[in-house]
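Residue-level structure breakdown
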Amino acid sequence: QVQLVESGGGLVQPGGSLRLSCAASGNMFSIYAMDWHRQAPGKQRELVAAITSAGSTAYADSVKGRFTISRDNAKNTMYLQMNSLKPEDTAVYYCNAEVQLRRGEQQFHFWGQGTQVTVSS
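Below you will find a few notes about this structure. (Residues numbered from 1 in each chain as written. Predicted model: local features only at pLDDT ≥ 70, side-chain atom pairs only at ≥ 80, totals over all residues. Heavy atoms only, no water.)

1. Description of the pairing of strand β9 (residues 91–100)
Residues in a regular strand project their side chains so that they alternate between the two faces of the sheet. Put simply, the rule is: Three labels apply to residues, based on accessible area from a 1.4 Å probe with only protein chains included: buried if under 20% of the type maximum, exposed if over 50%, partly exposed otherwise in between. Going along the chain from the N terminus, every DSSP run of H or I of four or more residues is numbered as a helix, and every run of E of two or more is numbered as a strand. Whether two strands pair depends on DSSP finding at least two bridges between them.
Judged by how many residues are buried, β9 sits mostly within the fold: 8 of 10 residues are covered. For strand β4 (residues 30–39) and β9, the ladder comprises 8 bridges, and the chain directions are antiparallel. From the neighbouring strand, histidine 37 faces β9, where its bridge partner is tyrosine 94. Across 3 bridges, the pairing between β9 and strand β11 (residues 115–119) is antiparallel. When the sheet's bridge partners are listed, valine 92 is paired in β11 with glutamine 116. Bridging between β9 and strand β10 (residues 107–111) involves 5 bridges; their strand directions are antiparallel. Note on β10: the bridge partner recorded for alanine 97 is phenylalanine 110.

2. Details of the packing of aromatic side chains
To be explicit about the condition: Pairing of aromatic side chains requires ring centres within 6.5 Å, counting the rings of Phe and Tyr and the six-membered ring of Trp. Pairs whose planes differ by under 30 degrees are stacked, by over 60 edge-to-face, and all others tilted. Whether a charge sits over a ring comes down to the Lys NZ or Arg CZ being within 6 Å of the ring centre and within 35 degrees of the ring normal.
One pass over the full model with this rule turns up 0 aromatic pairs. Lying over the aromatic face of tyrosine 94, arginine 45 brings its terminal NZ or CZ to 3.7 Å of the ring centre. The cationic tip of arginine 45 hangs over the ring face of tryptophan 111; the distance from NZ or CZ to the ring centre is 4.8 Å.

3. Digging into the sheet that holds strand β7 (residues 67–72)
Note: strands within a sheet are paired through backbone hydrogen bonds, in either parallel or antiparallel orientation. Note the cut-off: Every axis corresponds to a line fitted to the C-alpha atoms, with the helix fit spanning only the stretch in contact, and the corresponding angles, defined between N-to-C directions, vary from 0 to 180 degrees.
On the basis of which strands lie adjacent, the open sheet formed by 4 strands has the order β1-β3-β8-β7 and antiparallel pairing. Both outer strands of the open sheet, β1 (2–7) and β7, are each paired with one neighbouring strand and no more. If you compare each strand with its neighbour and ignore which way they point, the axes differ by 15° on average. Relative to strand β8 (residues 77–82), β7 is paired through 6 bridges, and the arrangement is antiparallel.

4. Some details on the environment of arginine 38
Put simply, the test is: In the analysis that follows, any N or O atom pair within 3.5 Å is treated as a polar contact, provided that within protein one partner can donate a hydrogen and the other can accept it, and provided that, for residues neighboring in sequence, both atoms belong to side chains.
Within the secondary structure, arginine 38 sits in strand β4. Judged by relative accessible area, arginine 38 falls into the buried class, the value being 6%. Measuring from C-alpha to C-alpha, the distance between arginine 38 and valine 99 comes to 20 Å, with 61 residues separating the pair along the chain. Here the side chain of arginine 38 touches aspartate 89 through a polar contact of 3.0 Å, side chain to side chain. Within the local environment of arginine 38, its side chain forms a polar contact with the side chain of tyrosine 93, the two groups lying 2.9 Å apart.

Rendered as structure tokens:
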């Protein structure tokens, strides 16, 4: 049906940068809000950043000023530019999208499989 595929994770030193991508594919009418979540070992999954289809954004306090969320609606792709990374940013990062499969029907949420981000020296 709808698939979300994240990419761009990896190992980076503190202070470094990474850019995550989330590409949506499948049969769908429209994508509404998209967001990034993360889950560190032993912790609950938390919302990192969100973006509406119109481009309005919101960020968790812990990443404000360091992370930037964006999207390319023509490509059904969302991005997360992460700068000044800290060890506490280490987590599996997941993307989520609110998708309308057919015109006039309700929206559903879909999740990607996650991509590991490790910040360590």
